[in-house]
Amino acid sequence: MDALVMYDLSWHCVYVNLAAQRVFEALGLPVDQGGKTAWPLFPDLIGGALEQHLLDAVQHQAHRSFELPFADAGGGVQVEVYPSAHGAAVFFRNITWGRNAQQLQLQASEERYRHLVETMREGMAVVTVDFRIDYLNPQMVRLLGYQEAGEVLGRSALDFIGSAFQTQVRRQMEGRRQGIQGVSEPLELPLARRGGTTLWVEVSATPLMNQQQEVTGIIGLFTDITERKRIETELLERQTFAQELLESITDAFCACDAEWNFTYVNAQAAGLLRRRTIDLLGRKCWDVFPEAVVGVMEQHLRITMKERRTVEFEVYSPQQRMWFQLHAYPSGDGIAVCFRNVSLRKAAEQVEQARNQILERTVRGEPLEIILREIALLVEGQNPGLLSYVMLRRGKVLYNAAAPSLPAGFTDAVSSVRIEPEAGPCGAAAFLGVSITVENFISNSSWTEVRELALMHGLQACLSAPILSGTGEVLGTLCAYSRTAGAFPAVTVDLLQQARHLAAVAVEHHRLRDSLAYQAQHDALTGLPNRTLFNTRLEEAAQQAEAYQTPVALALIDLDDFKGINDVHGDHVGDEILQEITRRLLQFTRSGDTLARVGGDEFMVILPQTGEAEAEQLMRQMLHSVTAPILVAEQEQLISASIGISMLTNGGDVTHLQRHADLAMQSAKTLKAGIAFYQPAMNRRAAERLHLVQYLRRAVELNELELHYQPQVNLIDGTLSGMEALVRWRHPLWGTVAPLRFIPVAEETGLIIPIGEWVLREACRQAVLWRRQGYKQLRIAVNVSVLQFERDGFVQLVAQVLEDTGLDPEALELELTESAVMRNVEESVRRMTQLRALGVSLAIDDFGTGYSSLSYLSRLPLNLLKIDRSFVTHLHQDSSALPVVRAITSLAHNLGLTTIAEGIETQQECDLLRELGCHQGQGYLIARPLPASEALPVQGRLLLPGQSRQ
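In this report, the structure presented in the accompanying data block is examined. Computed from a predicted model, the values in this text were never measured in an experiment. (Residues numbered from 1 in each chain as written. Predicted model: local features only at pLDDT ≥ 70, side-chain atom pairs only at ≥ 80, totals over all residues. Heavy atoms only, no water.)

Right, let's get into the sheet that holds strand β18 (residues 416-418). What the six strands build is an open sheet, ordered β18-β17-β16-β21-β20-β19; its pairing is antiparallel. At either margin of the open sheet sits one strand with a lone partner, and together these are β18 and β19 (436-438). Adjacent strand axes in the sheet meet at a mean angle of 25°, parallel and antiparallel pairs treated alike. Across three bridges, the pairing between strand β17 (residues 397-402) and β18 is antiparallel. By the bridge assignment, L398 is partnered in β18 with V417. Of the strands in this sheet, β16 (386-394), β17 and β21 (474-482) touch helix α12 (residues 368-382), which is tilted by about 145° from β16. Together, β16, β20 (461-468) and β21 form the strand contacts of helix α16 (residues 490-521), whose direction differs from that of β20 by roughly 35°. (Pairing = 2+ DSSP bridges. Helix = DSSP H or I, 4+ residues; strand = E, 2+ residues; numbered from the N terminus. Axes fitted to C-alpha atoms, helices over the stretch in contact; angles between N-to-C directions. Contact = heavy atoms within 4.5 Å.)

Here you go:
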């Protein structure tokens, strides 16, 4: 083993191996060399020769080999010097043992050196001066991504170096060739690896010298720093991103070190502090802002610096005249501060507080004038020196609503302003719907009159903004006058915008409150007082009548069958008729009278200080106006009405007054009298009707209803074709109640629905019995009310009854009134089609008494037309009804419909109907309605053609 001694850059011994200790001992030298310099090692043998060789090797960073004789020892040593950046490694080999031993030791040394190079962690490359690769250790081969050194040897090293770095590498090589020696600074280079990836390395280069001290190449040690470069790049990107982010944020940001020196200030902070960044960096923050010392800011910032915790606070800066919100937090060994100007927010909070108070007062319903005055004071309070003025719109004029601080002489002069561009800032703002600013009345040539008036009162500038509703309607203006000329600050403009919106809310709230109060007491369609306001007016009229002992008349006007108009022509036509009737009634309404709409088709009129005669005269005028033709949608509509009048002569209960008017109206409607005054007997009739309804509700349950049947026969041969079922009511106390008495009540109360279902079931059940008794072709006819027909599920009810009773659908005929069908033609056609699909026959009852029937008749899925008894009674050759009957039978024939006449009481009527082509008939001539047990066989007085009475 060779002796090895390692020295640092100061030539102090840092390592001596065991072989070196043995050599030193054999040569008679001190064994312990730790910490000693090399120069005293051989003081008697070589003097300064060793120093010269060693310094030459290190200075040129080149390997040196030389022999040192030792005369006393009779031999010498071979010295090998390997310099490095950290010192030198010196190998000593005893050459006194002969050249063979020396050669063996040299080979062993080379083997050790080769092993050291090939197993080292760094990559090693030997490159010639022309950059040809002469040698690569295994680690360098792996770094470049190859398997064998032979794949790379002989290639140019520049092939592996990025183009951006080749100039620097060439410059260093050229410097070596020109004699610039020593160890170069490590280079950081990107190397191209096999496969296209890039490897970053740190290169320490040592020149190779020949015996002529010429540079023949370079030995390079390569350390992989790819991961370090990635981290450095990532950190640089993060730092760049952070800096760009801090410069782009809207908040101001600065940072201080532990000594309170500014280390970073973004552009927003510099702008907000009104300082240049260069004037802030490196300076202590307390020197720049001395007013912050011994204050809230210093207290909080020192907490962050000392306790290393985040604090957030707000502070006012008198120097900047701003409120700041600061967020301070630890950063490194110092602190970072993010802050913003919150002056507008602070002002807004104050405005918000005042705004909430104003809104509360608005909701409480305080007078609008007081609310607007508070808004004007709000503007003035936030802007000392401003004088606020609120004007509201009335038609095409603005009027003074609030001016708490303006001179009275000024407000009096402008208390009424036209809404037009020439009428000054307020008039122009209201006309154009935009804010108008006058920065200096002296230099403004517009609005001469207003300008002179303003200057006379010391007003130099103004800003007028329109008060707009939510839909953009101009409600008024809000104006701010200033005693100093110049532009209005943005804070003032913003406050004025908020104040005008607040004024708009107040104005609209009061409008809405007034509108709701009006709507709560008036009818939306006609604008007349509704029942609520009517009741109030009636109470007032009754009180006045009692106080002054004067009469009061109350009239109830009810439009007859108005629902039919809505059903046939639509609600829009009905609405137009109601509006026209309202206009007509108002023509006869006197001052002090009250005309109110209290129901869909009901009006009431309060007539104070009016006796019976005058009330009747007024009501007849109103009735005449209502019944005059009304043209709607190019069609004339004829309306009838019933009017009931009640009188209050000595004071009394207004509730009874209304009830009496209603009873009188019902009487007028029943008697077709047009107008009726209340009579005490009407109370008795109303009570009877109430009892009738109560008993009728239980009639079905108590089995008090029964059916009578009237035969329908063929007028040619007299054969029985069907039976019409007619309901009868036998009351245990009243006896037989006439259908004309209880059927209308049943329809009004809705009791016709259960009664109608019972009639349908009972008639079908009886028809099944008769057909089983041999009347195979017998058809049963059942009348259907309009309420039944229009009720959802009626078709399903018919189907269920047929199924339950087992009646053949062809044996059932349903009779519908013409008015019921015409209420809603489209729905009637749909429903009738469904009934026909069941197999049921359909007939129009009382045909010819309705309206608009002929135009729709061809669309209806009918089987029969029943000629109303009004056309049959007293029918003869000279009868006015004869052409009508002839037209009906002709129309039915053309449409393929069967005709049946009802109410036949004489042979003459029967003969004429037969001659006109009427197919079937019924009436007292043939048979009266009888109970089922007596109805068959038919025992009538009908004579067939060729027969005569015996």
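Here the focus is the packing of helix α26 (residues 794-805) against helix α28 (residues 825-838). Viewed as axis vectors pointing N to C, α26 and α28 meet at an angle of 15°, and their least axial separation amounts to 10 Å. Between α26 and α28, the angle is such that the two are roughly parallel. In this structure, the crossing between α26 and α28 has a hand that is right-handed. Counting all contacts with α26, which are made through F794, V795, V798 and A799, the residues of α28 involved are R831, Q834, L835 and L838. A class-by-class count of the residues in the contact of α26 with α28 yields six nonpolar, one polar and one charged. (Parallel < 35°, antiparallel > 145°, perpendicular 65-115°, else oblique. Left-handed = near helix turned anticlockwise from the far one by under 90°. Nonpolar A, V, L, I, M, F, W, Y, C, P; charged D, E, K, R; others polar.)

Within β21, nine of the nine residues are buried, leaving the element largely enclosed by the surrounding structure. Relative to β21, β20 is paired through eight bridges, and the arrangement is antiparallel. What sits directly across from P466, in β21, is T477. The loop that links β20 with its antiparallel partner β21 comprises five residues; one of these, G472, has a positive phi angle of about 90°. (Buried < 20%, exposed > 50% of the residue type's maximum accessible area, 1.4 Å probe, protein only.)

Further remarks concern the pattern of salt bridges. Evaluated as defined, the whole model comprises 34 salt bridges. The partner of R511 in a salt bridge is E473, with the nearest N and O atoms 3.3 Å apart. On the criterion of sequence distance, the pair formed by R511 in helix α16 and E473 in the loop between β20 and β21 is long-range, its members being 38 residues apart. Take R511: its relative accessible area is 40%, and that puts it in the partly exposed class. (Salt bridge = Lys/Arg side-chain N within 4 Å of Asp/Glu carboxyl O.)

Under the defined criterion, the tally for this structure stands at zero disulfides. Unpaired in terms of disulfides, C338 finds its nearest cysteine sulfur in C254, a separation of 9.1 Å. Classification of C338 by relative accessible area gives buried; the value is 18%. Not engaged in a disulfide, the cysteine C426 finds its nearest cysteine sulfur in C479; these two sulfurs lie 4.1 Å apart. (Disulfide = S-S within 2.5 Å.)

Attention now goes to the nonpolar core. Grouped together as the largest cluster of nonpolar side chains are 77 residues, with contacts concentrated most on L812 and L814. Here this core takes eleven residues from helix α24 (residues 752-772), the largest share from any one element. Here L812 is in contact with L760, C764, R779, I780, V782, V798, L802, L807, V840 and S841, once residues within four sequence places are set aside. Core analysis: the next-biggest nonpolar cluster, separate from the first, contains 31 residues, A401, A461, A503 and A504 among them. (Core = buried A, V, L, I, M, F, W, Y, C linked by side-chain atoms within 4.5 Å.)

Attention now goes to α16. In this model α16 runs 47 Å from its N-terminal to its C-terminal C-alpha over 32 residues, within 8% of the 46 Å that 1.5 Å per residue would give. Residues of α16 that are buried include every one of T492, L495, L496, Q497, A499, R500, L502, A503, A504, A506, V507 and H510, and no others. (Expected span 1.5 Å × (residues − 1).)

A word on the sheet that holds strand β10 (residues 215-224). One key point about sheets: their strands pair by backbone hydrogen bonds, in either a parallel or an antiparallel sense. Spatially, the five strands line up as an open sheet ordered β7-β6-β10-β9-β8, and their pairing is antiparallel. The sheet terminates laterally at β7 (133-136) and β8 (187-192), the two strands that pair on one side only. Neighbour to neighbour, the strand axes of the sheet diverge by 35° on average, direction disregarded. Pairing between strand β9 (residues 198-209) and β10: nine bridges, direction antiparallel. What sits directly across from V201, in β10, is D224.

Let us now look at helix α17 (residues 531-548). Given 3.6 residues per helical turn, the α-helix brings residues three or four places apart onto the same face. In a regular helix each residue adds 1.5 Å, so 18 residues correspond to 26 Å; α17 covers 25 Å between its end C-alpha atoms and thus fits that length. The distance from a side-chain oxygen at the start of α17 to the backbone nitrogen of T532 is 3.1 Å, and the residue carrying that oxygen is N530. Positive backbone phi, at 55°, marks Q549, one or two positions downstream of α17. (Polar contact = N/O pair within 3.5 Å; in protein donor to acceptor, adjacent residues only side chain to side chain.)

On the surface, M6, V14 and Y15 cluster together to form a nonpolar patch covering roughly 280 Å² of accessible area. Mapping M6 onto the fold places it in strand β1 (residues 3-7). (Patch = residues over 30% accessible without salt bridge, like charges linked within 9 Å, V, L, I, M, F, W, Y side chains within 5 Å. Areas by Shrake-Rupley, 256 points an atom, 1.4 Å probe, with all protein chains shown as cover.)

Now for the packing of aromatic side chains. Using the criterion set out here, one finds eleven aromatic pairs in the structure. With a centroid separation of 6.0 Å and an interplanar angle of 80°, the aromatic rings of F324 and F339 are classed as edge-to-face. Here F324, found in strand β14 (residues 322-331), pairs with F339, found in strand β15 (residues 334-341); they are 15 residues apart in sequence, far enough to count as distant. Taken as a pair, F324 and F339 share a single burial class, namely buried. An angle of 75° between the planes, with centres 4.9 Å apart, marks the rings of Y709 and W770 as edge-to-face. Residue Y709 is found in strand β29 (residues 705-714), and its partner W770 is found in helix α24; the two are separated by 61 residues along the sequence. An identical accessibility class is assigned to Y709 and W770; each is buried. Counting every residue linked through ring pairs, the aromatic cluster contains W729, W734 and F742. (Phe/Tyr/Trp six-rings, centres within 6.5 Å; stacked < 30°, edge-to-face > 60°.)

With an omega of -5°, the peptide bond between L936 and P937 qualifies as cis. Assignment of secondary structure puts P937 in the segment after α33 (932-935). A positive phi is found at Q549, a non-glycine position, where the angle reads about 55°. For Q549, the position within the fold is in the loop between α17 and β22 (552-559).

Okay, the pairing of β9 next. For a regular strand, side chains alternate in direction, first toward one face of the sheet and then toward the other. Residues L199, V201, V203, A205, P207 and M209 point to one face of β9 and are all buried, whereas T198, W200, E202, S204, T206 and L208, pointing to the other face, are not buried. Sheet topology note: the β8/β9 ladder contains six bridges and is antiparallel. Following the sheet pairing, L191 is matched in β9 by L199. Connecting β9 to the next strand, β10, in antiparallel fashion are five residues, including Q213 with a positive phi near 60°.

Further remarks concern the environment of E312. Relative to the helices and strands, E312 is located in strand β13 (residues 311-317). For E312, a relative accessible area of 52% corresponds to the exposed category. Separated by 16 residues in sequence, E312 and A328 place their C-alpha atoms 6.3 Å apart. Ignoring any residue separated from it by four or fewer positions in sequence, one finds E312 in contact with Q325, L326 and H327.

Tracing the chain through its elements places I442 in the loop between β19 and α15 (448-456). With relative accessibility at 59%, the residue I442 sits in the exposed group. Separated by 13 residues in the primary sequence, I442 and L455 have C-alpha atoms spaced 7.6 Å apart.

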